[in-house]
Amino acid sequence: MRNKIFINGEIILPDYIEKCAIAVCDGKISGIGNQPDMEKICGNNADIIDLKGAVLSPGFIDAHSHILQFAMSLRCISLAQARSFDDIVKMLTEYKTENKLGENAPIIGFAYDHNDLDEHAHPTAEVLDRISKTNPVVISHKSGHMGVVNSAMLKFAGINSETPNPKGGVIARNADNQPTGYLEENAFIQTAALIPPSDINESVSLFMKAQEIYLSYGITTAQDGKTMPAEFELLKKIGESGKIKLDIVCYAEYNNRKKLIENNESYLKNYKNHIKIGGAKIFLDGSPQGRTAYMSTPYKKVNDSDDEKYCGYPIYTDNEISEIVRTAEKEQLQLLAHCNGDAAAQQFINAHKTPSLCRDVIIHAQLIRPDQIEEAAELKLIPSFFASHVYHWGDVHIKNFGLERAEKISPMNTAKNFNIPFTIHTDTPVIPPDILESIWCAVNRITKNGVKLGISEIIPPREALNAVTKNGAYQYFEE
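Being a predicted model, the structure only gives us computed values, none of them experimental. (Residues numbered from 1 in each chain as written. Predicted model: local features only at pLDDT ≥ 70, side-chain atom pairs only at ≥ 80, totals over all residues. Heavy atoms only, no water.)

### What to know about the overall build of the protein chain
Put simply, the rule reads: Strands here are runs of E lasting at least two residues and helices are runs of H or I lasting at least four, both read from the DSSP assignment and numbered beginning at the N terminus. It is over C-alpha atoms that the radius of gyration is taken, and the globule rule equals 2.2 Å times the number of residues to the power 0.38. Residue burial is assigned from relative accessible area. The probe radius is 1.4 Å, only protein chains are included, and a residue is buried under 20% of its type maximum, exposed over 50%, and partly exposed in between. Every residue pair with non-hydrogen atoms within 4.5 Å of one another is taken to be in contact. Only the protein chains shown count as covering a residue, and every accessible area follows the Shrake-Rupley method with a 1.4 Å probe.
Tallying secondary structure elements over the protein chain gives 18 helices and 19 strands in all. Scaling as 2.2 N^0.38, a compact globule of 479 residues should have a C-alpha radius of gyration of about 23 Å, and the protein chain matches this with 23 Å. Principal-axis analysis of the C-alpha atoms places the extent of the protein chain at approximately 80 × 50 × 45 Å. For the protein chain, the proportion of its 479 residues judged to be buried stands at 55%. If you take every contact in the protein chain between residues at least 6 apart in sequence, the share linking residues at least 24 apart comes to 71%. For the protein chain, the exposed surface amounts to about 20,900 Å²; the carbon and sulfur share of it is 51%.

### So, the environment of glycine 454
Note on placement: glycine 454 falls in the loop between helix H16 (435-444) and helix H17 (461-467). Residue glycine 454 is classed as buried on the basis of its relative accessible area of 3%. For the pair glycine 454 and glutamate 233, spaced 221 residues apart in sequence, the C-alpha to C-alpha distance is 43 Å. Look past the residues within four positions of glycine 454 in its chain and what remains in contact with it is Glu407 and Arg445.

### Let's talk about unusual backbone geometry
Cis peptide bonds are those with omega within 30 degrees of zero, and the linkage from threonine 428 to proline 429 qualifies with 20 degrees. Relative to the helices and strands, proline 429 is located in the loop between strand S19 (423-424) and H16. Look at lysine 269: it is not a glycine, yet its phi comes out positive at around 60 degrees. Here lysine 269 is to be found in the loop between helix H9 (257-262) and strand S15 (275-283). Of note, glutamine 332 is a non-glycine position whose phi angle comes to about 55 degrees, a positive value. Counting through the fold element by element, glutamine 332 comes out in the loop between helix H10 (318-330) and strand S16 (334-339).

### Considering the layout of surface pockets
The gaps of empty space that remain are located by a probe, the size of a water molecule, rolled over the atoms. As a reminder of what qualifies: Cavities and pockets are defined on a 1 Å grid built over the protein atoms alone: a cavity is a set of grid points where a 1.4 Å probe fits but cannot escape, while a pocket is an open set with protein on both sides within 12 Å along at least five of seven lines, and lining residues are those with an atom within 4 Å of any such point. Grid points are joined across faces, edges and corners, and a volume is the space filled by probe spheres set on the points. Three residue categories are used. Nonpolar comprises Ala, Val, Leu, Ile, Met, Phe, Trp, Tyr, Cys and Pro, charged comprises Asp, Glu, Lys and Arg, and polar comprises the others, including Gly.
In this model, the second largest pocket occupies a volume close to 1,000 Å³. Around the second largest pocket, the lining is made up of 34 residues, and of these Ile29, Ser57, Pro58, Gly59 and Thr220 lie nearest the centre. Of all elements in the fold, only strand S1 (3-12), strand S2 (17-25), strand S3 (28-33), strand S13 (219-227), H17 and helix H18 (470-475) reach the threshold of two or more residues within the lining of the second largest pocket. With 5 residues, the single largest contributor to the lining of the second largest pocket is S1. Across the lining of the second largest pocket, the residue classes tally to 16 nonpolar, 9 polar and 9 charged.

### Some details on the pairing of strand S11 (residues 169-173)
The cut-off we apply is this: If DSSP finds at least two bridges between two strands, the strands pair.
When S11 meets strand S12 (residues 179-185), the two strands line up antiparallel, connected through 4 bridges. Note that in S12 the partner of isoleucine 171 across the bridge is leucine 183.

### Observations concerning the side chain of lysine 142
This is how the line gets drawn: Think of it this way: Lys and Arg go in the positive column, Asp and Glu in the negative one, and His and the chain ends go nowhere. The salt bridge definition used is simple: a Lys or Arg side-chain nitrogen within 4 Å of an Asp or Glu carboxyl oxygen.
In this fold, lysine 142 is placed in the loop between strand S9 (137-141) and strand S10 (146-149). Put simply, lysine 142 is tucked away with no salt bridge, and the nearest opposite charge, on aspartate 113, sits 5.6 Å away. Those residues in contact with lysine 142 that lie beyond four places of it in its chain are Ala111, Tyr112, Asp113, His392, Trp393, Val430 and Ile431.

### Looking at the packing of helix H7 (residues 200-216) against helix H8 (residues 229-240)
Where we set the bar: Angles here are taken between N-to-C directions and fall from 0 to 180 degrees, while the axes themselves are lines fitted to C-alpha atoms, restricted in helices to the stretch in contact. Put simply, angles under 35 degrees are roughly parallel, angles over 145 are roughly antiparallel, angles from 65 to 115 are roughly perpendicular, and the rest are oblique.
Contact pair H7 / H8: the axes reach a minimum separation of 11 Å and the direction vectors enclose 70 degrees. One element, H7, and the other, H8, form an angle in the roughly perpendicular class. Touching Ile200, Ser203, Val204, Phe207 and Met208 of H7 are Leu234, Leu235, Lys237 and Ile238, all from H8. Residue composition of the contact of H7 with H8, grouped by class: 7 nonpolar, 1 polar and 1 charged.

### Some thoughts on the sheet that holds strand S18 (residues 382-385)
Consider a sheet: its strands pair through backbone hydrogen bonds, and that pairing is either parallel or antiparallel. The 8 strands lie next to each other as S6-S13-S14-S15-S16-S17-S18-S19, forming an open sheet whose pairing is parallel. The sheet is open, and its two borders are formed by strand S6 (60-61) and S19, each paired with just one other strand. Bridge analysis of strand S14 (residues 247-253) against S15 gives 6 bridges, and the strand direction is parallel. Paired with valine 249 across the two strands is lysine 276, which belongs to S15.

### Some points on the nonpolar core
The criterion, for reference: Side-chain atoms within 4.5 Å are what join buried Ala, Val, Leu, Ile, Met, Phe, Trp, Tyr and Cys residues into a set we call a nonpolar core.
By size, the foremost hydrophobic cluster in this structure holds 69 residues, and its most contacted members are Leu284, Leu335, Phe348 and Ile362. Discounting residues that sit within four places of it in the chain, isoleucine 362 has contacts with Ala337, Cys339, Phe348, Ile349, Ile368, Ala376, Leu381, Ile382, Pro383 and Ser384.

### Concerning helix H12 (residues 370-378)
The line we're drawing: This arc corresponds to the set of directions leading from the helix axis out to the C-beta atoms.
Taken residue by residue, H12 has Gln372, Ile373 and Ala376 as its buried positions. Axial view of H12: buried residues confined to an arc of 100 degrees, hence all on one face. Taken together, the buried residues of H12 touch helix H11 (342-351), strand S17 (361-364) and helix H15 (412-417). Following H12 by one or two positions, lysine 380 adopts a phi angle in the positive range, close to 60 degrees.

### Some points on the sheet that holds S10
A sheet is described by the order of its strands in space; here 6 strands give the open sequence S7-S8-S9-S10-S12-S11, paired in mixed fashion. One side of each edge strand has no neighbouring strand; the edge strands of this open sheet are strand S7 (77-78) and S11. Taken together, the 2 bridges between S7 and strand S8 (residues 107-112) define a ladder with parallel strand orientation. Bridged to isoleucine 77 within S8 is glycine 109. Helix H3 (residues 85-98) contacts S7, S8 and S9 of the sheet and is inclined by roughly 145 degrees relative to S8.

Structure representation (structure tokens):
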């Protein structure tokens, strides 16, 4: 590996930006200063790279995403551009025809958003039956927290009028108590998991494509935010082949953590072939744009049929979360908790009786309140914000929560004022791993409809950069 010296640019350092040269020897930063001094460090074996006034940044650290889930999504058809039920049917029917799928092969779509559809509703099994009555059809909402299946998939999953709602999930039903095909949270997650995975060769190929996409956005540390044992085995196989370029921090799905960790102790908190196990991940609630996030104050009524007291719902009881936190602390595992609503965030905060030595993370923290951020600061909890929500769903949040509450989503400036080393993430595959877009959202806070949403929570560019570099390293114990 040849040494490199970067010149004629601005170098982003941990606490400041400097016009200087930087030397990289044997793949590591060896010096920062003037060019002659850097040439002395590198010797003759150095390529001089002229930045021509550009800015050189540390690699971006994605504080929360799902790189394996993103890889698997690359075998599916994106429905992000669908604007009606007819669009969904047309896109998936064409996909079936173009790929010459057999009558029993699964048809998988992802990233539809009912907020963007003309019907302003989720489709049903009846709609998806127009694609096929024999192929299992599964489409995932853009949030990943809900989705729709057709009649063939309902039958395959054994879901009927007598099937109870799973813990932390909802099976939507019509007036005759028959499932409509729309499934929320664990009802959808458990059903979608029944679709057979790709074979090993396709899985490796999909991961390699996903890795290149992450790298193209400047990401050098990625996350797999809910890793199952079989998925970790796939990563290990790829890592052992020497094909992984990123650092990937895996968080075991909490209920499967023992099986994953006991079989892979050499990876626990330690990189091996660019992979390490950072801790465990739990879900405490759902999605604010899907109205399943657990709130302390009711959602606004959008339709006449909406319950004016509806606050979403939790996945665990308070006692269950307290036990999970105590167990993770005993096992010295960092815990990542998906908390979108303020009620879910309060459950997680209340479960911590003393400051977290493991730097537990409140993932998304969309609607966390200022008083909760103050509590989080005292407990050494790290909020990791999904900053791009402001752009992608800010207009939906105004509809679901009203302007006053919507202006407080992703309260990054409040976190800054409490000196919390907060991070910013992309939650890929919910959106692409475009961290520069996340920075833009944090600095500008503009919705798709052009609303300047919550200017008091705007943060300076330097703070946004810290959130995806310096603070990300802190979250991963790599400062």
